[in-house]
Amino acid sequence: MSAKHIMQQAAPRNESYHLAQSSDIGHAVTCGLKFKLPRVMGAIPEGNESFIPGFIAHNVLQSATETLGRLWRTSPTPNSQQIMETWSPYMHQVFADAREKQQGDPESNLERYISQARTRLLGLAGVLHDKMSQDPAPNRIVSEITITNPVTRHEGRIDAIFEYPEYAETVEWKTYADGGVSAYDRYQTISNGMLVNYRYGRAEDDFTGNILTVITPVKAHNPRPTELALDAIKEARTYMLQVLDGQRVRANLPHRFVCGSCSYQSACTFYMGDRVDSDLKRMLWRRRFRILKKRERTHVNKFLAHRLSQEQLTELRLAESGYRIEETVTAVSSTHGMNTLTLVKQNNYQNADLLYIGDSVRIIALEPGMPLLTCVSCLGSIIESNGSSIVVDVYLGNPNQLRGFQILLLRIEVDLTRRELEGLDFVHRNPGRVQNIAYGLLGEDLFEFAT
Amino acid sequence: MLTVYWVKICLNSQLNQSQTQALENRLYTEIPVAGVWGPPGTGKTFVAATEATCAVTELDQRILVCAFQNSTVDQTLRYIVGMLKSRYGWSQDIVRRSVKRIGSVAKVADDIIPHFSTNRTELTTARIVGTTLHSSYVPTGHRTLQPLSFDRIIMDESGQVTPEQAWIPLPLLGNADNARITAYGDDVQLSPISPDLTPEKGVLRYMRTMNNTSVDMLNTTYRLNWPSVEMTSDVFYYGALHAPQEVRNRRLVLDEGTPKGPLSEAVRPENTLVYVGVTGREVEEGLSYDNHQQAMVISDLCSEFLRHGVDPSRISVMAAYRPHVRTINSVLDGTGVGCTTVHRMLGAENDIVILATTRSNSSRDLGFMTQPELLNVATSRQLMKLIIVGDAGETFADGCRTSGRIYNFVASRGRYITMN
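Definitions and cut-offs
Residues numbered from 1 in each chain as written. Chains lettered and ligands numbered in written order. Predicted model: local features only at pLDDT ≥ 70, side-chain atom pairs only at ≥ 80, totals over all residues. Helix = DSSP H or I, 4+ residues; strand = E, 2+ residues; numbered from the N terminus. Rg over C-alpha atoms; globule rule 2.2 N^0.38 Å. Buried ≥ 20, exposed ≤ 12 C-beta atoms within 10 Å, placed from the backbone. Pairing = 2+ DSSP bridges. Contact = placed C-beta atoms within 7 Å. Domains from an automatic or database assignment. Nonpolar A, V, L, I, M, F, W, Y, C, P; charged D, E, K, R; others polar. Axes fitted to C-alpha atoms, helices over the stretch in contact; angles between N-to-C directions. pLDDT = per-residue confidence, 0-100. Parallel < 35°, antiparallel > 145°, perpendicular 65-115°, else oblique. Left-handed = near helix turned anticlockwise from the far one by under 90°. Core = buried A, V, L, I, M, F, W, Y, C linked by C-beta atoms within 7 Å. Expected span 1.5 Å × (residues − 1). Arc of directions from axis to C-beta.

J.: Can you walk me through the overall build of chain A in this structure?
T.: Looking only at helices and strands, one finds 15 helices and 12 strands in chain A. Computed over the C-alpha atoms, the radius of gyration of chain A is 23 Å, within 12% of the 22 Å expected from 2.2 N^0.38 for a compact globule of 451 residues. Over its C-alpha atoms, taken along the principal directions, chain A stretches across nearly 70 × 60 × 50 Å.

Below is the structure:
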């Protein structure tokens, strides 16, 4: 069978390839519009800079989590100061990067945010100290792992999984939370837990070997995956996929009193009573769905990776295996925050016709017994290729945990659609000059729509 | 009427009439959005850089230079940096502080890296900032450029940009009446790809077809010699493109000795446009195609040029299919000549260009080489000589209307050689 036939059978053009993200499911369960506003309309959340300390702390944890396993095994009851010391090189790196960006900005509150981030990390270390004193050390900790389940069309990035011999623990860091967890946090964690179940070969709603944990700077929570919550998640997922496919589906709305604290309040008010000229409105919506279609195309390779064997993927030149990590260089330049990874092609593999400088790839560690799209992976772009080895700039994920595994490179399409949707939202919501210029770029008479 | 300042610019930079007209319209008229349509070799990047430097130095404006691809942004910035130093005498240090580049550092060219910055203060004080469209405006979190902080947006290669991509930097444009956007490009070269993988309309095509009055055409090419200029002009630009006499007469100079052997006709300097028909068939490689016989002929051609003293850096080889690029690169290994895809040759030029059409089949299927925009890029990169290495049958001649017109033009005005 020719490559084209294999492709057509594995990924027919009339099928839908949208994926529902766990983070969006968390929103969609609580408010259907809160999913649609950023993901379909392109609205940008409003608000102050209060998210920055949490954001900085989360950046530290992205790379520092891998050190926890070693510390847990060598010193089972470390105090929070010891944990902070282990994290300290990562903190310095992240703080230095943030300072570099803000250098010389007199209005910057960065030092205050860094101090808040440090306090939150100290809080998290305290909670971890309690946890490490009570629980045995896990066999392995994997962090920042992206799991795609093409069967349920569900995808999510899990902060950490603590792997024990008999079970796994799905861990979410909530660096911005002060104590309790919101409904959003709960649903997001449960949907990530569903993906973890899929990774270990269980039904997505079988939580028998999966503990859910949300760790805030104050305490650890264990959200319960009740039947009610699982049904709500599945319903929200179906709703999201229908919306992305362009179907008209009624959004479930929350009680109005929660809208006061929503970061999409003004966008929501605007779109609820949208009075923009009908021609412009029609054109903008048509373009939005074209962009969503483009986003959908970026997921096709994931479905192919799920449906085809590694040999078929190689034959189609979509994937290339037989690499191992030679060397990881973390943060070559603190200014640019660049991680590079050298992958060496093993001798017994033929060099396939896949990789070129500038190509984007998902670097997948082939973990035995795990579905391909649930294995530990990073995203990167190729910056050097000489036939026997390649150098990749890793822009998402932690490359150190790929060590020791055979590596498969899956070619991916970079999804740049978020910015395009945001541009549409800007044009939609800014009448007058902006809309005139937008029309000008469409070749329309600039002043026709101004009147 | 031209101002004294304008006369100075025109004399110093030797702008031609269409370039001067386009620049004058962009700097001294009230139209906030306009396009500059530049066919191959007409100097659109040069005009874009001139607009940017004039707007900074004479109108004291702040400029955002953007494009879809990183390489295009870097190329425009390279011109700007050169102009600021040579024409305005700015020191290296001032240029470094005035011209900045943002985006993904891994994708920035080495010579532009010194201009790369993530520092907000440096970016606020810079006069010209270069970025890809998608990195131009970050609404939250890592925002580096402030809204309403630019007076002018210069968008290069806008034929490749969809309207929604062109709208991304709009929040950065100031509200003042003199705020402007100029879209440079050529929509008859590579176009954006739609979700169903077919070419779609870019902003410049919208502007050109819907409101032609806001688009200036640059009609003098400094790249294509005779008869290439006539082929490109007739096939793609309705005969509107022309070249100055010295460009039309430009010819390759070979070291002593007359080329001999079956490919001698292709190598001779007087044959500036050549089609080499190869009998070998295409091979399917995954979802793509390869052609070993064409690769071997290209290897022989390159050897012949190198034997006559042509420096390898003066030869560019391109193919539309990636497996074929790899095969050609493997047969050219050690010669110093490299092969790349047609898409990556957009904006590039070289003295000798060899194009491999790859496809050769009984069903006359040219694949995506049937796109006129792709064929335009593929046949307009040469300064002195274009050699098309295609099939000896009818795949290229009858593959599509545009390839047929190119084939007929070469057969009647250039040289046709068959290789078995």
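J.: Hey, could you run me through the overall build of chain B in this one?
T.: Check the secondary structure of chain B and you find 17 helices and 15 strands. Expected size for 420 residues packed as a compact globule is a radius of gyration near 22 Å; at 22 Å, chain B falls within 12% of this value. Projected onto its principal axes, the C-alpha coordinates of chain B cover approximately 65 × 45 × 45 Å. Expressed as a percentage of the 420 residues in chain B, the buried residues total 54%.

J.: Where do I start with the pairing of strand E14 (residues 382–391) of chain B in this structure?
T.: Looking down a regular strand, the side chains alternate between one sheet face and the other. Residue and element names in this part refer to chain B. Burial analysis of E14 places 9 of its 10 residues in the buried class, the great majority of the element. Inspection of the sheet shows strand E8 (residues 273–278) paired to E14 by 6 bridges, in the parallel sense. Of the residues in E14, the one forming a bridge with Val278 is Asp391. Both strand E13 (residues 350–356) and E14 contribute to a ladder of 6 bridges, which runs parallel. Residue pairing for E14: Ile354 is matched across the bridge by Ile387.

J.: Looking at this structure, how should I read the interface of chain A and chain B?
T.: Interfaces are often described in size by the accessible area the parts lose on coming together. On the chain B side, the residues contacting the 49 residues of chain A number 38 residues. Those elements giving two or more residues to the side of chain A that touches chain B turn out to be helix H1 (3–10), helix H6 (80–102), helix H11 (278–297), strand E10 (377–385), helix H14 (417–429) and helix H15 (433–440) of chain A.

J.: Just to check I follow, could you spell out the domain arrangement of chain B for this structure?
T.: Residues and elements named next belong to chain B. You can read the domains of chain B as domain 1 (4–217) and domain 2 (228–419). Here domain 1 and domain 2 have C-alpha centroids that lie 32 Å from each other. Of the residues belonging to the side of domain 1 that touches domain 2, the class tally is 6 nonpolar, 5 polar and 1 charged.

J.: So what exactly am I meant to see when it comes to the pairing of strand E2 (residues 63–67) of chain B here?
T.: All names here are of chain B. Extensive coverage of E2 is indicated by the burial of 5 of its 5 residues. Burial along E2 is two-sided: the residues Ile63, Val65 and Ala67 and Leu64 and Cys66 are all buried. With 5 bridges joining them, E2 and strand E4 (residues 128–132) adopt parallel strand pairing. Bridging from a neighbouring strand, Leu64 pairs with Val129 of E4. Examined bridge by bridge, E2 and strand E5 (residues 152–156) share 5 bridges and lie parallel to one another. From the neighbouring strand, Cys66 faces E5, where its bridge partner is Met155.

J.: What am I meant to see in the environment of B:Ile154 here?
T.: All names here are of chain B. Along the polypeptide, Ile154 turns up in strand E5. Using a count of 28 C-beta atoms within 10 Å as the deciding quantity, one classes Ile154 as buried. In sequence terms Ile154 and Ala67 are 87 residues apart; their C-alpha atoms lie 8.4 Å from each other. Those residues in contact with Ile154 that lie beyond four places of it in its chain are Ala48, Glu51, Ala52, Ile63, Val65, Thr182 and Tyr184.

J.: What exactly am I supposed to notice about the sheet that holds E5(B) here?
T.: Consider a sheet: its strands pair through backbone hydrogen bonds, and that pairing is either parallel or antiparallel. Residue and element names in this part refer to chain B. With respect to topology, 7 strands assemble into an open sheet ordered E3-E4-E2-E5-E6-E1-E7, the strand pairing being parallel. The outermost strands of the open sheet, each flanked by one partner alone, are strand E3 (99–101) and strand E7 (215–217). Going from strand to strand, the sheet's axes swing by 20° on average, the running direction of each strand aside. Against the sheet, helix H9 (residues 203–210) contacts strand E1 (33–37), strand E6 (180–185) and E7, and its axis sits at roughly 100° relative to E1.

J.: What is the right way to look at the sheet that holds E8(B) in this model?
T.: Residues and elements named next belong to chain B. Sheet architecture is open: 6 strands sit in the order E12-E11-E13-E14-E8-E15, paired in parallel fashion. Strand pairing shows two members of the sheet lacking a second neighbour, strand E12 (339–341) and strand E15 (415–419), which therefore form its edges. The mean angle between the axes of side-by-side strands here comes to 25°, regardless of whether they run parallel or antiparallel. Against the sheet, helix H14 (residues 322–331) touches strand E11 (315–319), E12 and E13, its axis set at about 170° to E12. Set on the sheet, helix H17 (residues 401–413) makes contact with E8, E14 and E15; between it and E8 the angle comes to about 110°.

J.: Please clarify how the confidence of the model for chain B should be interpreted in this entry.
T.: In low-pLDDT regions, the fine details of the predicted coordinates are not to be read closely. The predicted model of chain B has a mean per-residue pLDDT of 90, with 96% of residues at 70 or higher. Scoring of the predicted complex yields 0.89 for pTM and 0.88 for ipTM.

J.: Whenever I open this one, the packing of helix H4 (residues 51–64) of chain A against H6(A) confuses me. Can you help?
T.: Geometrically, a packed helix pair is captured by the angle between its two axes and the distance between the axes. Residues and elements named next belong to chain A. Following both chains from N to C, one finds H4 and H6 inclined at 135°, their axes separated by 9 Å at the closest point. With respect to their mutual orientation, H4 and H6 come out oblique. Crossing geometry of H4 relative to H6 is assigned as right-handed. On H6, the residues touching Ile56, Asn59, Val60, Ser63 and Ala64 of H4 are Trp87, Tyr90, Met91, Val94 and Ala98. Among the residues making up the contact of H4 with H6, the classes are represented as 8 nonpolar, 2 polar and no charged.

J.: Help me understand the nonpolar core in this model?
T.: Soluble globular proteins tend to pack their nonpolar side chains together in the buried interior. Core analysis: the biggest nonpolar cluster contains 165 residues, and A:Val60, A:Ile407, B:Ala52, B:Ile80 and B:Met155 have the highest contact counts within it. Excluding residues within four positions of it along the chain, A:Ile407 makes contact with A:Tyr323, A:Arg324, A:Ile325, A:Leu343, A:Ile363, A:Ile364, A:Ala365 and A:Leu402. Grouped together as the second largest cluster of nonpolar side chains are 63 residues, B:Tyr321, B:Val342, B:Leu374 and B:Phe396 included.

J.: Please explain unusual backbone geometry as it appears in this structure.
T.: Most peptide bonds adopt trans geometry, and most residues besides glycine take a negative phi value. Along the chain, B:Trp226 connects to B:Pro227 via a cis peptide bond; the corresponding omega equals 0°. Looking at the secondary structure, you find B:Pro227 in the loop between E7 and helix H10 (228–236). Backbone geometry at A:Glu144 places phi at a positive 50°, although glycine is not the residue there. With respect to the element layout, A:Glu144 can be found in strand E2 (residues 140–149). Not every positive phi belongs to a glycine, and B:Asp60 is a case in point at roughly 55°.

J.: Would you explain H11(A) in this entry?
T.: Structural remark: α-helix, 3.6 residues per turn; residues separated by three or four positions point the same way. End to end, H11(A) covers 29 Å across 20 residues, agreeing with the expected 28 Å (1.5 Å per residue, within 8%). Within H11(A), the full set of buried residues consists of A:Leu284, A:Arg287, A:Arg288, A:Ile291, A:Leu292, A:Lys294 and A:Arg295. The buried residues of H11(A) all sit within an arc of 155° when viewed along its axis, so they share a single face. Those residues of H11(A) that are exposed and angled more than 90 degrees off the buried face are A:Ser278, A:Asp279, A:Arg282 and A:Arg286. Its buried side turned inward, H11(A) meets helix H3 (32–41), helix H9 (227–244) and H14 of chain A together with helix H8 (163–166) of chain B.

J.: Hey, could you run me through the packing of helix H2 (residues 17–28) of chain B against helix H3 (residues 44–57) of chain B in this one?
T.: Residues and elements named next belong to chain B. The interhelical angle for the contact between H2 and H3, taken along N-to-C directions, is 40°, at an axis separation of 10 Å. Between H2 and H3, the crossing angle belongs to the class labelled oblique. Crossing of H2 against H3: the hand is right-handed. Together, Gln19, Ala22, Leu23, Arg26 and Leu27 of H2 and Val47, Thr50, Glu51, Cys54 and Ala55 of H3 make up the contact between the two elements. Residue classes in the contact of H2 with H3 are distributed as 6 nonpolar, 2 polar and 2 charged.

J.: Before we go on, may I ask you to explain the confidence of the model for chain A in this structure?
T.: All names here are of chain A. For chain A, per-residue confidence averages 87 on the pLDDT scale, and 92% of positions sit at 70 or higher. Segment residues 331–337: pLDDT under 50, and 15 contacts once partners within four positions in sequence are set aside and those in other chains are kept. Segment residues 446–451 is flagged for pLDDT under 50; beyond a separation of four residues in sequence, or across chains, it makes 12 contacts in the model.

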